[in-house]
Amino acid sequence: MNKCINTAELIPLICEHLEPRNAYAFALAKRSFLKPGLDVLWRNISSFKPFLACLPVELWKAKRHDLHPYMKPNIADLERSLVLKDLERYLGYYAPRIREFDVSKWERKGDPILSVAFFQALQLVTLGKPGALAPHLTAFKWMGLPDLFPPFGGEESQKFLSFRSLFLGTSVLFASLDLQIQIEISSTYAVTKTLTRVRELFLAEYLGDRIDLVDDFIAASISSWTNLETLHLSYVSNGGIAHLASLPRLKTLNIESCRTLPSYSPGTYPEPSNIPVKVFPALEEAFIATGSIERAIGFVQQLAPMDTALRKLRLHTLLEASYADAQNLLRTIEIHCNRNALEAIVWGEGSNRILDDGCYEEGTSVDLDDMLDIHGLFEFHKLTHLEMRVKKLVRLTPEQAMQMSRSFPNMTHLQLSWDSFYSSFPPLIDHTHLLAILRGCPALKFLKVRFDATRISGLESNPGFTSRVTQLHVGDSLICSPTRVAAFVTANFGALEKLSAYKNVEVYRVPSINYKRWKLVSKSVLGPGEDSDSEEESEEDY
């Protein structure tokens, strides 16, 4: 054996690169390898099998739980009374090595889980000490209620929540918890009170319409979350947001269903809200999903006007909004977000995709005023990512295209159209303004805008300039000559890897003529292997 491998400092480094199976073999190869090998083997635990293997064989027995016709999990139940001596081997030698405990996929793995009586016995012999079974744990994910409910029923499945404290102690930095109605909400509260060092927390809430319980839970727990940096919530309202705003280190906030209400009356124009300064003092990223656009406005109004460190704002509104309400959302962003800090704005509206190449139909009459005005966003000079994935026309004028170099010099991702939105209203910009955008935003890599390509000669170019755009999506842009447009694209998009258009269909499911022409352009520029009807969303880190 090479003498270098016996160096005490090298052994842990070697173990860091071993798979669990290899770490086990490594640990048994030599006495000096045993502890470092076991550290790796026990660092990440994803089932109760390792724990059960450390117990006396006559203590427990696995039995099939057959109350559900399809889900019949193996349940480890006690064959005799549990005493502290039964846990000595596990507690003394293995429990301190555990750093990550994730049993969220217990049902798919088919491994046995402990019965309620087994868990209760463990609580008794450990005197209910938080984190007794994993005293140095840093990451925790428990069995989810949706998986527990079918085989055990509502009342029994809730009992499993109270046993999380056996693993959750003060060393935990990441935790994923379920919040259930009735008495089990108190067990979650008791658990979170011990998580004084937690930095990232997932809270999945199963409370029906009792959103007030979420706000009450946050109010009761907030004093323990002084180190919290990332928070994921199922839903929350104004009351809960007000408490979260006081967290001194919260950097990332993700809400699946935000139910904040706006502070302006329908039909009126939103003005700056009376939010005190120093709310959300460290918030840098917010990912907010809502049912209606009014609730999205309500969340943005929780930010102190122009006094926030927010860098990334991502909103998703499920219901289609009117142009007036959409304009109100943009105005609220302009009022409440810091122009010297905000780097990314992403707004998605409705479902992500329309089935069967369908499109959102226009009304019988198109009002010229029914265009979303983004002029106010041109004051946010630090923007690098602007994505308006909405079922509306976004106004982009020739003057704004020429202004890009002053407003967005660092822009890398610009999207002002939605894949499945077709409009008969012609674009306000043409290919000359597209060239101005490329010159004004030299860092641009992703571009999705509608423009008029009907007057392209094929001779236009940007002398001395090479665009970095790798993905160009033209939506339902008008086009006449694929040959001339292909020459234009070749001359001005030297780094292009993907060119796509919106495949809106006409009568008898025949693709539109614009789509057919853009597909010819794509094949001419990129080759026959590229398919222009591929419309995968490129969201990068947003």
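Residues numbered from 1 in each chain as written. Predicted model: local features only at pLDDT ≥ 70, side-chain atom pairs only at ≥ 80, totals over all residues. Heavy atoms only, no water.

**Examining the packing of helix α12 (residues 293–300) against helix α13 (residues 323–336)**
Okay, so step 1: α13 packs onto α12 with a crossing angle of 10 degrees between their chain directions and a minimal axis gap of 9 Å. One finds that α12 runs roughly parallel with respect to α13. Together, Ile293, Glu294, Ala296, Ile297 and Val300 of α12 and Asp325, Ala326, Asn328, Leu329, Thr332, Ile333 and His336 of α13 make up the contact between the two elements.
Okay, so step 2: Per-class residue counts for the contact of α12 with α13 are seven nonpolar, three polar and two charged. (Axes fitted to C-alpha atoms, helices over the stretch in contact; angles between N-to-C directions. Helix = DSSP H or I, 4+ residues; strand = E, 2+ residues; numbered from the N terminus. Parallel < 35°, antiparallel > 145°, perpendicular 65-115°, else oblique. Contact = heavy atoms within 4.5 Å. Nonpolar A, V, L, I, M, F, W, Y, C, P; charged D, E, K, R; others polar.)

**Topic: the environment of Asp77**
Okay, so step 1: Topologically, Asp77 is positioned in strand β3 (residues 74–78).
Okay, so step 2: Taking relative accessible area as the criterion, Asp77 reaches 23% and is therefore assigned partly exposed.
Okay, so step 3: For the pair formed by Asp77 and Ala117, sequence separation is 40 residues and the distance between their alpha carbons is 7.3 Å.
Okay, so step 4: Among residues more than four places away in sequence, those in contact with Asp77 are Leu59, Trp60, Lys61, Lys63, Ser115, Ala117 and Phe118.
Okay, so step 5: Reaching out from Asp77, the side chain makes a polar contact with the side chain of Ser115 at a distance of 2.9 Å. (Buried < 20%, exposed > 50% of the residue type's maximum accessible area, 1.4 Å probe, protein only. Polar contact = N/O pair within 3.5 Å; in protein donor to acceptor, adjacent residues only side chain to side chain.)

**Quick notes on empty space enclosed by the protein**
Okay, so step 1: Enumeration over the complete set of coordinates arrives at four cavities of 30 Å³ or more.
Okay, so step 2: Each pocket or cavity is described by its volume, and for the largest cavity that value is around 150 Å³.
Okay, so step 3: Along the walls of the largest cavity sit 16 residues, with Val394, Leu396, Leu416, Pro427 and Arg450 positioned nearest its centre. (1 Å grid on protein atoms, 1.4 Å probe; cavity = no way out; pocket = protein on both sides within 12 Å on 5 of 7 lines; lining within 4 Å. Points joined across faces, edges and corners; volume = space filled by probe spheres on them.)

**Focus on the confidence of the model for the chain**
Okay, so step 1: For the chain, the mean per-residue pLDDT works out to 83, and 79% of the residues sit at or above 70.
Okay, so step 2: This model gives residues 353–358 a pLDDT under 50, and the stretch forms 16 contacts once residues within four places in sequence are excluded.
Okay, so step 3: Residue range residues 534–542 is modelled with pLDDT below 50. Its contacts to residues more than four positions away, or to other chains, number 35 contacts. (pLDDT = per-residue confidence, 0-100.)

**Quick look at helix α8 (residues 145–159)**
Okay, so step 1: For α8, which comprises 15 residues, the first-to-last C-alpha distance of 10 Å sits more than 12% below the rise-based estimate of 21 Å (1.5 Å per residue).
Okay, so step 2: Within the span of α8, buried status applies to Leu145, Leu148, Pro151, Phe152, Ser157 and Gln158. (Expected span 1.5 Å × (residues − 1).)

**Things to note about the side chain of Thr317**
Okay, so step 1: Take Thr317: it is sitting in strand β12 (residues 312–317).
Okay, so step 2: With relative accessibility at 0%, the residue Thr317 sits in the buried group.
Okay, so step 3: Those residues in contact with Thr317 that lie beyond four places of it in its chain are Thr290, Gly291, Ser292, Ile293, Ala296, Trp347, Gly348, Glu349 and Gly350.

**A short note on the sheet that holds strand β5 (residues 113–114)**
Okay, so step 1: Read across the sheet, three strands follow the order β2-β3-β5 without closing on themselves; strand pairing throughout is mixed. Each end of this open sheet is capped by a strand with a single partner; those strands are β2 (60–64) and β5.
Okay, so step 2: Direction of pairing for β3 relative to β5: parallel, over a ladder of two bridges. Each bridged residue has a counterpart across the sheet, and for Ile75 the counterpart in β5 is Ile113.
Okay, so step 3: Along the sheet, helix α7 (residues 116–125) makes contact with β2, β3 and β5, crossing β3 at roughly 45 degrees. (Pairing = 2+ DSSP bridges.)

**Thoughts on the layout of surface pockets**
Okay, so step 1: The computed volume of the largest pocket comes to approximately 410 Å³.
Okay, so step 2: Around the largest pocket sit 24 residues that line it, and Lys141, Ser176, Asp178, Phe202 and Ala204 are the ones nearest its centre.
Okay, so step 3: Here the lining of the largest pocket is composed, by residue class, of eleven nonpolar, six polar and seven charged.

**A closer look at the pairing of strand β15 (residues 385–389)**
Okay, so step 1: Burial of β15 is extensive: five of the five residues sit out of reach of the surface.
Okay, so step 2: Here β15 shows two buried faces, one formed by His385, Glu387 and Arg389 and the other by Leu386 and Met388.
Okay, so step 3: Bridging between strand β13 (residues 344–349) and β15 involves five bridges; their strand directions are parallel. Paired with Ala344 across the bridge in β15 is His385.
Okay, so step 4: Direction of pairing for β15 relative to strand β17 (residues 413–415): parallel, over a ladder of three bridges. In the strand pairing of β17, His385 is matched with His413.

**A closer look at the packing of aromatic side chains**
Both the distance between ring centres and the angle between the ring planes are used here to describe each pair of aromatic rings.
Okay, so step 1: This structure, assessed with the given rule, holds 21 aromatic pairs.
Okay, so step 2: A ring pair is formed by Phe101 and Phe140, whose centres lie 6.3 Å apart and whose planes are at 15 degrees; its orientation type is stacked. Linking Phe101 in strand β4 (residues 100–102) with Phe140 in strand β6 (residues 139–141), this pair joins segments that are 39 residues apart in sequence. For the pair Phe101 and Phe140, one class covers both residues: buried.
Okay, so step 3: Taking 5.7 Å as the distance between ring centres and 20 degrees as the angle between the ring planes, the aromatic pair formed by Phe140 and Trp142 counts as stacked. (Phe/Tyr/Trp six-rings, centres within 6.5 Å; stacked < 30°, edge-to-face > 60°.)

**Concerning the pattern of salt bridges**
Okay, so step 1: Inspection of the entire model under this criterion finds 14 salt bridges.
Okay, so step 2: Where Asp86 meets Arg80, a salt bridge forms, and the shortest distance between an N and an O atom there is 2.9 Å.
Okay, so step 3: Among the residues examined, Arg80 registers a relative accessible area of 31% and is labelled partly exposed.
Okay, so step 4: Residue Glu88 is joined to Lys85 by a salt bridge in which the shortest nitrogen-to-oxygen separation is 3.8 Å. (Salt bridge = Lys/Arg side-chain N within 4 Å of Asp/Glu carboxyl O.)

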